[in-house]
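The primary structure of each chain is shown beneath.
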Amino acid sequence: KKSVLVVSADVYRPAAIKQLETLASEVGVADSLHIVPLFETIADLKHAPDVMRVLFNNSVYREHMEKSSDERGLHQQIMIGYSDSSKDGGYLASNWNLYQAQDKLTTTCADEGILLELFHGRGGSIGRGGGPTNRAIRSQPPLSLKGGIKITEQGEVIAYRYSNADIAYRHLQQVMSAALLSVSKEVDTDIKPEWSDAMDIISEAGRQTYRHFVDEHDGFLPYWQAATPITELSQLRISSRPAKRASKGGFAAMRAIPWVFSWMQSRVIVPSWFGIGTAFETFCEQQEGGLEILQDMYQNWRFFRTMVDNAQLDVEKADMGIAEIYSRLVADEAIREEMFNWIKTEHALTYKKICEVSQQAQLLERMSAIQTSIERRNPYVDPLNFIQVDLLRQLRETDADDPDYAAIMEAVLATINGIAAGMKTTG
């Protein structure tokens, strides 16, 4: 049996490694302990190859790896985080930096004679790395699956993938098929240099647009806190950790799950699409034939196509009509108008640009089953949103020591559960 210890990426310090080994010895797992560095933020992902080189050349760590080697020889499991990278840099920057980190880590480990096993910390929502697992596996960088793959299954994903035996069997078939195809057939080794250059421009434009929205505008926090049930979410008795990190404040303190959950409730779904429209438009304006390049990438690069197709799911699920009703919970009229119009404009631009890049007249044109599912689901979810907005207004106008406060809060929490079930996503 193997014991796995996931740790932050600063374990390259000899003293830290010795401390881990001492703790492992105390509980009797020193001989089978596998230390798994975790890279989560955009900065973490960029520095991951350099950190691992330092780690592999650390004599204490190298000795530890040799003790824990098996018939495969020296091997290293590395965990990469989708949730925090997305919250940190937005959807495009997260996906591109995750892809690059995997590619470079594969090369780094191969150069050191070490077999790499990547552990993907995916969530259920698109904004946290969710989406069809078989497509996700097949869109990984070339050779990154040689050492195997691990993927987290979280939250409602477990229920809708495994609660029905037939669906569970079919899902596992698709996962196995994708894994076998990825290691036994030709993969996307012929990635054009102009595609990588395009992704550098797009991801950075998307990151800047996203960070300007969440970090550089005074109206963001009051809008988010009023126009979504982010404060009320912390009262739900479903989470394993607090909604916020106690050592920080504001947006930086919020964990990735409630960040996504709050926007899903108000039907805006910012984490999985905000910035894409501006990024695509920026690239097309800067590069001659930019749209044709993006269309070529969509047609011929599985990674890019999967990224865009996942995003279009949530762009289509987002409802600006419902979102506008939530925006009326914001007391400051100037903030309300500016922030909602910003969201609405970016959503419309993203819709337009994804249609142009994927060469569709409308989103999900080639995914009729999903389109039908959304159309049939929305009429049942919409009333819950109307009720939730009214209850949130009542709750926020009621003192916490008022006898009616607890009953209103329970009703709000019931609508949160109902909308999550209807949208098939929490965070």
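Above this note sits the structure.
In this text the structure is predicted, and so the values were computed from the model without any measurement.

A. Region of the structure containing the pattern of salt bridges. By the definition in use, this model includes 11 salt bridges. A salt bridge links R267 to D382, with the nearest nitrogen and oxygen atoms 3.0 Å apart. With R267 in the loop between α12 (256-265) and α13 (276-286) and D382 in helix α18 (residues 368-396), this residue pair connects regions lying 115 residues apart in the sequence. Residue classification places R267 among the buried positions, given a relative accessible area of 0%. Among the residues examined, D382 registers a relative accessible area of 19% and is labelled buried.

B. Quick look at the packing of helix α9 (residues 220-227) against α12. Where α9 meets α12, the axes come as close as 10 Å, and the angle between the chain directions of the two elements is 65 degrees. On the side of α9, the interface is formed by F220, Y223 and W224, while α12 contributes W259, S262 and W263. Grouping the constituent residues of the contact of α9 with α12 by class yields five nonpolar, one polar and no charged.

C. A negative patch on the surface, seen in detail. A cluster of like negative charges, contributed by E324, D332, E333 and E337, occupies part of the molecular surface. Mapped onto the elements of the fold, E337 is located in helix α17 (residues 333-358). For E337, a relative accessible area of 39% puts it in the partly exposed group.

D. Summary view of helix α15 (residues 302-317). Relative to the 22 Å expected for 16 residues at 1.5 Å per residue, α15 spans 23 Å between its end C-alpha atoms, a close match to the ideal helical length. Here α15 lies mainly inside the structure; 14 of its 16 residues are buried.

E. How the structure looks around the side chain of T152. The topology assignment puts T152 in the loop between β5 (149-151) and α6 (156-162). In this structure the side chain of T152 is engaged in a polar contact, spanning 2.7 Å, whose partner is the backbone oxygen of R122. Discounting residues that sit within four places of it in the chain, T152 has contacts with M79, F119, H120, G121 and R122.

F. Main features of the pairing of strand β4 (residues 115-121). In terms of burial, β4 is largely enclosed, as six of its seven residues are buried. Pairing of strand β3 (residues 75-81) with β4, which is carried by seven bridges, proceeds in the parallel orientation. Of the residues in β4, the one forming a bridge with I78 is L118. The parallel pair β3 and β4, bridged by helix α4 (residues 82-111), forms a crossover whose chirality is right-handed. As judged from the three bridges shared by β4 and β5, these two strands associate in the parallel manner. Paired with H120 across the two strands is I151, which belongs to β5.

G. Quick look at the packing of aromatic side chains. Scanning all chains against the criterion turns up 18 aromatic pairs. Pairing W224 with W259 gives two aromatic rings, centres 5.2 Å apart and planes at 80 degrees, and the pair type is edge-to-face. On the criterion of sequence distance, the pair formed by W224 in helix α9 and W259 in helix α12 is long-range, its members being 35 residues apart. When its relative accessible area of 2% is taken as the criterion, W224 is described as buried. The class of W259 is buried, set by a relative accessible area of 1%. Between F280 and F304, the ring centres sit 6.1 Å apart and the planes meet at 40 degrees, which makes this aromatic pair tilted.

Rules of the game
Residues numbered from 1 in each chain as written. Predicted model: local features only at pLDDT ≥ 70, side-chain atom pairs only at ≥ 80, totals over all residues. Heavy atoms only, no water. Salt bridge = Lys/Arg side-chain N within 4 Å of Asp/Glu carboxyl O. Helix = DSSP H or I, 4+ residues; strand = E, 2+ residues; numbered from the N terminus. Buried < 20%, exposed > 50% of the residue type's maximum accessible area, 1.4 Å probe, protein only. Axes fitted to C-alpha atoms, helices over the stretch in contact; angles between N-to-C directions. Contact = heavy atoms within 4.5 Å. Nonpolar A, V, L, I, M, F, W, Y, C, P; charged D, E, K, R; others polar. Patch = residues over 30% accessible without salt bridge, like charges linked within 9 Å, V, L, I, M, F, W, Y side chains within 5 Å. Areas by Shrake-Rupley, 256 points an atom, 1.4 Å probe, with all protein chains shown as cover. Lys, Arg positive; Asp, Glu negative; His and termini not counted. Charge placed at Lys NZ, Arg CZ, Asp CG, Glu CD. Expected span 1.5 Å × (residues − 1). Polar contact = N/O pair within 3.5 Å; in protein donor to acceptor, adjacent residues only side chain to side chain. Pairing = 2+ DSSP bridges. Right-handed = clockwise from strand over helix to strand, strands pointing away. Phe/Tyr/Trp six-rings, centres within 6.5 Å; stacked < 30°, edge-to-face > 60°.

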